[in-house]
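Survey of secondary and tertiary structure
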Amino acid sequence: MAWTRFGKKKDMPGGLWIKCESCGTMLFRKDFEQRHRVCQTCDYHFTLPARDRIALTADEGSFEEIWERLGAEDVLEFNDRMPYGEKLKATRAKTGESDAMVTGLATVKGIPCALGVMNFRFLGGSMGMVVGEKIARLCERALADGLPVILFACSGGARMHEGAVSLMQMAKTCGALQKLHAAGGVSISVMTHPTTGGVTASFASVCDFLIAEPGALIGFAGPRVIATTIKKELPKGFQRSEFLLEKGQIDCIVERSRMRDELARLLAYATGRDAVAAYKSEDHAVADVGPAADSKDGKKAVKGKSKTKSKAKTKVKAKAKPKKG
Ligand SMILES: [Zn+2]
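Below, the structure is looked at part by part. (Residues numbered from 1 in each chain as written. Predicted model: local features only at pLDDT ≥ 70, side-chain atom pairs only at ≥ 80, totals over all residues.)

As for helix α2 (residues 50-57)
Listing the buried residues of α2 in full gives Ala50, Arg51, Arg53 and Thr57. For α2, the angular spread of the buried residues around the axis is 160°, confining them to a single face. Of the surrounding secondary structure, the elements contacted by the buried residues of α2 are β4 (101-108), β5 (111-118), β6 (149-155) and α9 (256-270). (Buried ≥ 20, exposed ≤ 12 C-beta atoms within 10 Å, placed from the backbone. Helix = DSSP H or I, 4+ residues; strand = E, 2+ residues; numbered from the N terminus. Arc of directions from axis to C-beta. Contact = placed C-beta atoms within 7 Å.)

Side note on the pairing of β6
Burial runs high along β6: seven of the seven residues are buried. In the sheet, β5 pairs with β6 via four bridges, with the strands oriented parallel. Each bridged residue has a counterpart across the sheet, and for Ala114 the counterpart in β6 is Val149. Assessed by its sense of winding, the connection that carries the chain from β5 through helix α4 (residues 129-145) to β6 is right-handed. Between the parallel pair β6 and strand β7 (residues 187-196), the chain is carried across by helix α5 (residues 163-182), and the sense of this crossover is right-handed. (Pairing = 2+ DSSP bridges. Right-handed = clockwise from strand over helix to strand, strands pointing away.)

Some points on α4
With 17 residues, α4 extends 24 Å from end C-alpha to end C-alpha; this agrees with the ideal 24 Å at 1.5 Å per step. Taken together, the buried positions of α4 are Met129, Val130, Val131, Gly132, Glu133, Lys134, Ile135, Ala136, Leu138, Cys139 and Ala142. Where α4 is buried, its residues touch β4, β5, β6 and α5. The first or second residue beyond α4 is Gly146, which carries a positive phi of 65°. (Expected span 1.5 Å × (residues − 1).)

Some thoughts on the pairing of β7
Most of β7 is tucked away, with 10 of its 10 residues classed as buried. Of the pairings in the sheet, the one linking β7 to strand β8 (residues 209-212) comprises four bridges and is parallel in character. Each bridged residue has a counterpart across the sheet, and for Met191 the counterpart in β8 is Ala212. Judged from the two bridges that link them, β7 and strand β9 (residues 218-219) form a sheet pairing that is parallel. Note on β9: the bridge partner recorded for Thr195 is Ile218.

Notes on unusual backbone geometry
Following His193, the chain continues to Pro194 via a peptide bond in cis, the omega torsion being -10°. One can find Pro194 in strand β7. In the Ramachandran plot, Arg37 falls in the positive-phi region, its phi being about 60° despite a non-glycine side chain. Along the chain, Arg37 falls in the loop between α1 (29-34) and α2. A count of 20 C-beta atoms within 10 Å places Arg37 in the buried class. In this model, Asp43 sits at a positive phi of 70°, which is unusual for a non-glycine residue.

Written out as structure tokens, the structure reads:
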């Protein structure tokens, strides 16, 4: 099959303008892409393709993909409108990806980590055998190499084409994370719009730190299904990040523009580096200052540069606390 990870096509419709799904504003596509797909009027965070997410998160050139050739098979010979096998082939050709998750090793502001990012463009980011396997392997790799794990969730849930096999990935990913946690490893889950179904009900919710992007739909069954089942009107903002933060389901909400800083802070904290310096600085050498004992020097070192990075002033809405694994 003729696809490579460099040869992927953007499957977005062409045109200079794009309409905001939330407020309806017409956005100039170039500005919109420059703002990493965040609406300038209402701050709505659009779904970000996996490769763009990696580029935004990892240090330039640091991402080293692993298991990129891992592909699913149609073990059940499932057939809806077209056989699952054919659907997989078509989706691979369209997206240039082997499945709905990209995994690899990277550094974030100089701090090494294991990174897994879901791709919504691949069958709605659904979790099947490959997504489960990649997460499990990533946790094992992180455990062997002593790395923290970051998982970006963006999914419609379990992949129905794989039946019970897709549901088994819930237990598999949770088991792998549990093994990592039991050995003292650290995991960070970033839930982006939308994170639903079996993904919310498994790995995305059992990491040490649960971060969400603003306004993301996060839940198990969709709001419409719930409303018709319980025959009640749902509260305003139901299943959105802000609602879930208020209810204690997630630890914090982080805007896309600050995500890299926040992840660096948590990674530094998890690996015994200076978290304050890591948050503020874009200088990898500073983030790498090492143990917190040196934090005074670290802080001084960033102070001179902090003028260029004024975004750091905004605070995290709720302080993330590590949970007991
Ligand atoms: Zn908008």
